[in-house]
Structures are given as C-alpha cells and as structure tokens.
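Structure assessment
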Amino acid sequence: MKSIGAVIVTWNSEQDIAECIAAAKKAGVAETIVVDNGSKDRTREIVAAINGVKLLYFPENLGFAGGVNRGVAALSTDYALILNPDCLVQTGLDAMAEAAQGGAAGGMLLGASGELQTGFAVRRLPTPSTLIFEVLGLNRLFPGNRVNQRYRCVDFDASQAQEVEQPPGAFLMVRKDIFKKLNGMDEGFWPVWFEDVDFCLRLREAGHRIVYCPAAKARHRGGGSIEKILWPFKELAWYGSLLRYSTQHFGWLSRRLVCLAVAAASVPRALTGIIYRRQGVRALGVYADIFCLAWVSLVL
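Right, let's walk through the structure included here.

Put simply, helix α9 (residues 195-205) and helix α10 (residues 231-249) touch, their axes get as near as 10 Å, and they point 20 degrees apart. By the angle class used here, α9 and α10 are roughly parallel. In terms of crossing hand, the pair formed by α9 and α10 is right-handed. Contact residues: α9 offers Val197, Asp198, Leu201 and Arg202, while α10 offers Tyr245, Gln248 and His249. A class-by-class count of the residues in the contact of α9 with α10 yields three nonpolar, two polar and two charged.

For the rest of this paragraph, the subject is the packing of aromatic side chains. Summed over all chains, the structure comprises eight aromatic pairs. An angle of 45 degrees between the planes, with centres 5.3 Å apart, marks the rings of Phe179 and Phe199 as tilted. Of this pair, Phe179 sits in helix α8 (residues 176-181) while Phe199 sits in helix α9, placing them 20 residues apart in sequence. Residues Phe194 and Tyr245 carry aromatic rings whose centres are separated by 5.7 Å and whose planes lie at 40 degrees to one another, so their mutual orientation is tilted. With Phe194 in the loop between α8 and α9 and Tyr245 in helix α10, the pair connects residues that are 51 residues apart, well separated along the chain.

Moving on to the side chain of Asn37. Looking at the element boundaries, Asn37 is found in strand β2 (residues 31-37). Reaching out from Asn37, the side chain makes a polar contact with the backbone oxygen of Gly63 at a distance of 3.1 Å. In this view, Asn37 contacts Val9, Thr10, Trp11, Phe58, Glu60, Asn61, Leu62, Gly63 and Phe64; residues no more than four positions away in its chain are not counted.

This next bit is on the packing of helix α5 (residues 128-135) against α10. Working note: a packed helix pair is described by the angle between its axes plus the distance between those axes. Where α5 contacts α10, the two axes come as close as 11 Å, and the packing angle between them is 160 degrees. In terms of orientation, α5 and α10 fall into the roughly antiparallel class. Two packed elements cross with a definite hand, and for α5 against α10 that hand is left-handed. Of α10, the residues touching α5 (which contributes Leu131, Glu134 and Val135) are Trp238, Tyr239, Leu242, Tyr245 and Ser246.

Okay, the environment of Glu115 next. Following the sequence through the fold, Glu115 ends up in the loop between β6 (103-110) and α5. C-alpha of Glu115 to C-alpha of Asp157: the two residues are 42 residues apart in sequence and 14 Å apart in space. Once residues lying within four places of it in the same chain are set aside, the contact partners of Glu115 are Leu109 and Leu110. A polar contact is formed between the side chain of Glu115 and the backbone nitrogen of Ser113, at a distance of 3.2 Å.

The rules behind each value
- Throughout this document, residue positions are counted from 1 along each chain, in the order its sequence is written.
- Where local features are concerned, this predicted model is filtered to residues with pLDDT of at least 70; where side-chain atom pairs are given and counted, the filter is 80 or more; whole-chain, interface and lining totals use all residues.
- The basis for every side-chain value is the complete set of non-hydrogen atoms in the structure, without hydrogens or water.
- Think of each axis as a best-fit line through the C-alpha atoms, taken over the contacting stretch in the case of a helix, with angles from 0 to 180 degrees between the N-to-C directions.
- Helix numbering and strand numbering both begin at the N terminus, where a helix is a DSSP run of H or I of at least 4 residues and a strand a DSSP run of E of at least 2.
- We call two directions roughly parallel when the angle between them is under 35 degrees, roughly antiparallel when it is over 145, roughly perpendicular when it lies between 65 and 115, and oblique otherwise.
- Each crossing is labelled by how the near helix is turned from the far one, with a counterclockwise turn of less than a right angle marking it left-handed and a clockwise turn marking it right-handed.
- Throughout, a contact is declared for two residues whenever any of their heavy atoms are within 4.5 Å.
- Residue type decides the class: Asp, Glu, Lys and Arg count as charged, Ala, Val, Leu, Ile, Met, Phe, Trp, Tyr, Cys and Pro as nonpolar, and the leftover types, Gly among them, as polar.
- In summary, the pairing rule links any two rings of Phe, Tyr or Trp, Trp by its six-membered ring, whose centres are within 6.5 Å, and it sorts them by plane angle into stacked for under 30 degrees, edge-to-face for over 60 and tilted for everything else.
- Throughout this description, a polar contact denotes any pair of N or O atoms lying within 3.5 Å of each other; where both atoms belong to protein, one of them has to be capable of donating a hydrogen while the other can accept it, and for residues adjacent in sequence the pair is counted only when both atoms sit in side chains.

What follows is the structure, encoded as structure tokens:
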C-alpha cells in the first residue's frame, strides 16, 4: 500500500461521516483528515470520537476548495485521496495511487444500488457549447443531443483503465507534490462547483495525466451537503462558479456567449421559480442577481 491519506471536507455531514471514515480506513488509508466548514450539527462531535482522525475546524465556511487545500497541506502522505462524506470507498486504493503517478486518478463511482453513476463518474471538460446548452436547459430537454452526450461521456467504457479529462472531486486521488505545485484548488469557486473541473484542466495544461482506474471503487450517495444548501443561494453559487470558470478559461467571444446565455436564461428561470417553486418575488430577486453576475462578467 502506497502512502495514502484521505481528506474529507464536511458541512453538516453527521449522517454520513462516521461510515465514510470507517470505509476509508478499511480500504487502507494511512491517515485521515476531516476539514469541517462550520457545521451546525453533530459532525465535529462524531469525528472527535473516532480514534486516529485529525479534525481541522474552521468556523467560517472556507468552501470545498478551501477545505481541500487545508486538508492536503496537513497530510504527511505522498498521495491525497479527496473524498466526499457521502462516498464509501470499497477497494482499489493502491491501484488508484499507481494510476495517479502521472498526476491524478479517478475511480468507479457506484450508486446506492451498485449501478455505475454514468454521466458523473467521468466527464469531459466543459466547452462553451456545453455550458450554453446547460444554462439554456437544452441538455435537460434533449438529453440525447451530441453536446450533452460528449460532455457526459455516454460512450465511456467503465471497465477499462484509460486517460480521462475530468473525474469528480468526490473520489479523486492526487499526488501531493503536484497538487502543491499547482497551488491546489482555486478558492474563488466558493462555496462549491467547478473547483474540481478547474483543477483538472490546470493539471492537464501543466502536462500531467489523469487516469481512470476501474479497480478503485466507491459507493456514492450524492448530494449529501448540497441538499442542505437553500435554493436561492444554491442558484447564485452554481451560476457564479460557472461564470468564473468561463471567464478564466474561454476566449473573448466564447465567454461572452456563455454570459449572454446565462442572462437570457434568467428570465424563464425566474418564471419557473415563481410558478413551480412558488418562490414569488424571491425568485425575481435571485435571477436578477444572476443576470447582474452575467452582465458584470460580460463587460469585463
């Protein structure tokens, strides 16, 4: 077993954290660090009662990227396994570390019934077209379109080890020295979304490899902490991170087209929020803020 440490970032994760830690230990991690972003439930109390786990507590919410960065910096191992609290490692960490020698590796993510989480376990890096289709709702209305199928890797053979573009941060192994050289994850993606996408892109641009390792398996419930984020803030955070990613990584025209798509989508989504979510004036306020975010990104 290679020198592998687990980093688990928590935010109100009392339902999942004990089982997550137990599974990681059983799979063979040498060190476990839990970074708590100001949980209001019993998360810290549960972690503190588990022997051999280091707890880093931050009363302010550092976001997922901030938590990961603090956790990886505190590890003494050569490899860091970034793990969501609702992710239960089953097997294959040594093989995953071997695969991550070139930079990073992802594994096979399985749902509660043991099915592959197709469309999430591995994705291609988003293009401007991908994000335009996402914000305009085209991928949801017409999931069989080529842009969506390419992005979500519907042609992916999950039984074969291969180089990939973007495994999720829910179950991601990285070489600690390379993570440090890249200055970790960008904490500007706050509190969550697109920080792992940005990291994978920067890692590949730096000449490193990301490999999918089917021998490494984990069960992933999904949405553990995300479910607890209130809808208005969730919308603002997702669109804000998407716009940040577009601004940083797309060309002049492409990023402006994404911004225009976000602005255009704000009107029908506000109506949806009023009618279907029954958010009333609150929905107007949320999407007015999102429109302003898009406009600011457009004129930068």
